[in-house]
There are 2 protein chains.
Amino acid sequence: MKLIDIYVKLKKDISFIEKELELSLYTDHQVLREASVHLLKAGGKRIRPVFVLLAAQYGKYDLQVIKHVAVPLELIHMSSLVHDDVIDDAETRRGQLTVKSKWDNKIAMYTGDYIFAKALGVLTKLENPLVHQIMSKAILQMTIGEMEQIRFFYHAEQTVRDYLLRIKRKTALLIAISCQLGAIAAGAPEKVANRMYSFGFNVGMAFQIRDDILDLCGTEEELGKPPGSDIKQGNITIPVIFALREGRLKDELLSELKRIQEEDGQTDVSRFISMVRGSEGIKQAEQLASQYIDKAIRALDPLPKSSTKKDLISIAHFIGNRSY
Amino acid sequence: MKLIDIYVKLKKDISFIEKELELSLYTDHQVLREASVHLLKAGGKRIRPVFVLLAAQYGKYDLQVIKHVAVPLELIHMSSLVHDDVIDDAETRRGQLTVKSKWDNKIAMYTGDYIFAKALGVLTKLENPLVHQIMSKAILQMTIGEMEQIRFFYHAEQTVRDYLLRIKRKTALLIAISCQLGAIAAGAPEKVANRMYSFGFNVGMAFQIRDDILDLCGTEEELGKPPGSDIKQGNITIPVIFALREGRLKDELLSELKRIQEEDGQTDVSRFISMVRGSEGIKQAEQLASQYIDKAIRALDPLPKSSTKKDLISIAHFIGNRSY
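First things first, this report covers the structure right here in the doc. What you see is a predicted model, and the numbers here were worked out from it, not measured in a lab. (Residues numbered from 1 in each chain as written. Chains lettered and ligands numbered in written order. Predicted model: local features only at pLDDT ≥ 70, side-chain atom pairs only at ≥ 80, totals over all residues. Heavy atoms only, no water.)

### A short note on the packing of aromatic side chains
Residue and element names in this part refer to chain A.
Phase 1: Scanning all chains against the criterion turns up five aromatic pairs over all chains.
Phase 2: When the centroid spacing of 6.0 Å and the interplanar angle of 80° are considered together, the rings of Phe51 and Phe199 count as edge-to-face. One end of the pair, Phe51, is in helix 4 (residues 47-56); the other, Phe199, is in helix 10 (residues 190-217), with 148 residues separating them in the sequence.
Phase 3: We classify Phe51 as buried; its relative accessible area is 0%. (Phe/Tyr/Trp six-rings, centres within 6.5 Å; stacked < 30°, edge-to-face > 60°. Helix = DSSP H or I, 4+ residues; strand = E, 2+ residues; numbered from the N terminus. Buried < 20%, exposed > 50% of the residue type's maximum accessible area, 1.4 Å probe, protein only.)

### Section: the interface of chain B and chain A
Phase 1: With 35 residues of chain B at the interface, the matching set in chain A holds 35 residues.
Phase 2: Between chain B and chain A, a total of about 3,300 Å² is buried, with carbon and sulfur atoms accounting for 74% of that surface.
Phase 3: Broken down residue by residue, the surface that chain B buries against chain A is led by Met109, Tyr110 and Met147 of chain B, which jointly contribute 21%.
Phase 4: The tally of links from chain B across to chain A stands at zero salt bridges.
Phase 5: At the surface where chain B touches chain A, the tally comes to eight residue pairs in polar contact (both at pLDDT 80 or more). (Contact = heavy atoms within 4.5 Å. Buried area = accessible area lost by both parts, 1.4 Å probe. Salt bridge = Lys/Arg side-chain N within 4 Å of Asp/Glu carboxyl O. Polar contact = N/O pair within 3.5 Å; in protein donor to acceptor, adjacent residues only side chain to side chain.)

### Things to note about the side chain of Gln180 of chain B
Phase 1: Relative to the helices and strands, Gln180 of chain B resides in helix 9 (residues 160-185).
Phase 2: Not counting residues within four places of it along the chain, the set of residues in contact with Gln180 of chain B comprises Ile134, Ala193, Asn194, Met196 and Tyr197 of chain B.

### Observations regarding the packing of helix 14 (residues 247-262) of chain A against helix 15 (residues 270-277) of chain A
Angle between the axes and distance between the axes: these two values describe a pair of packed helices.
Residues and elements named next belong to chain A.
Phase 1: It is at 10 Å that the axes of helix 14 and helix 15 come closest, and there the two elements cross at 150°. The pairing of helix 14 with helix 15 is recorded here as roughly antiparallel in orientation. Where helix 14 crosses over helix 15, the two elements pack in a sense that is left-handed. Contacts between helix 14 and helix 15 involve Leu249, Glu252, Leu253, Glu256, Leu257 and Ile260 on the former and, on the latter, Arg271, Phe272, Met275 and Val276.
Phase 2: Among the residues forming the contact of helix 14 with helix 15, the class breakdown is seven nonpolar, no polar and three charged. (Axes fitted to C-alpha atoms, helices over the stretch in contact; angles between N-to-C directions. Parallel < 35°, antiparallel > 145°, perpendicular 65-115°, else oblique. Left-handed = near helix turned anticlockwise from the far one by under 90°. Nonpolar A, V, L, I, M, F, W, Y, C, P; charged D, E, K, R; others polar.)

Written as structure tokens, this is what we have:
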């Protein structure tokens, strides 16, 4: 089964969540409405809601309840993107102008705050305190992760461990709790919810590693933004960390890095990209992503065979190999 | 009784909350820790925690419970200040460098997000869903208010109503729910909590009006920042709205406003300030603040005589007349 088939199966429910996302962001305030709708319409894979829906199949599947975690999780993700675009000075995302470039940094900052506040509002419809505790812990780690990203900009000496901790906070935790909260909201047993967390965490790690590979290997058309945008922001990702370990490449890569940093990323990075592509770094990163996918799938081992499990495994495989 | 006496009476408890604020912001992350501690040490009246403490006296007064609303409320306030300083391009606040000026805008944005996330984390220690609903609604209105502020920058034709709605969202709601949540967290009867809300709301309105008067009439020493910073950001406050109604002043004020806007606030505003000071606007704004104080005190009418009530009335009077 392919990813598209899972989306087709869930189509009605995804559309329902999409509608709820739209409704949740409605406001009389024109700029806030336009900026958030702009963001919503720019698309996205809605991977977090999809995981919520799938995980909820392990309990009592009631969209009217599940939406109260699916919607906030996507909103929190969106809100973090708006703030990231300010930090990254990003002009486009998903092929569309970013809020900070269509409007400005200040509007982007407050639009992020607004979307985040809306997320909290929807979440309070659920009374289970566990939901709130899990969510607030993840949010805290996300904000630390965002800051960590700044601290490590252009730090060529960072370790694989530094990188992994960063993407855990930046990406994996929110995907992990999407799976976990989907199960919890549906009243699935705690053991299942824990399995879901572990599955989501490992899938999330692979997802971000894949994303970082794509930023180096993808085309502008595939990415919706020019390749190399990570390094232009100073974001040193795992293929680069691996490539820097290669004796024959290290010095040249370091001097390119230094040049890019001196020009504050406003420079041609094609030589840097070619060097990394020509290294073993890409392959090693792909292997690492695959290891996380394997771990994700192993996390599902104790769960009985079911169509839900099959779908989760399919999504995991897709993420492990995705090329867009 | 003077305000200082109430602070003296509550001194031990305020110190306790202060300590909890410090603990709550602790992190291994150096920049986040330094930036948040910097903010904390810059001081502030801690008016929101004080209202929580007072309102909690209407129920079971247990600091170990009450702190879970007092701390988040102050943190949310602090977090909004950090983001506001980015928007306002403020160099100093309370006589200290702002986070955005000591570090930079990006760090300020994420420090705000971080402090906010910490607030949510502390709040989840309380399981009463009502607390979360009240908080999330107020937060949402705050973010809309922040955006509204931008929309009304330099709009000379705005009405008193526009202004009042803005300060409601920006200031009054958070003070209102500080009183309300203090009562709720302590298990006070719903009727008392509603009275507290109404008291806090009206005090909050007066508080912001007073703040806006001070920005025009205070000295740099009193304010911790140069007077006229509101108008330099384009923030048209109630004394100005009133002054613009005076036929003999209107045209001159409008042309000064236009000049200030054209120079993007990077200009001498002393003539503008003198004109407003020389108008009836200050007195009218003071009257409006007094009306809100009267309403706040009337909201307490149904409550029995007590030392808590006396203290609330004293604070209200102080805020109605405050000159720093």
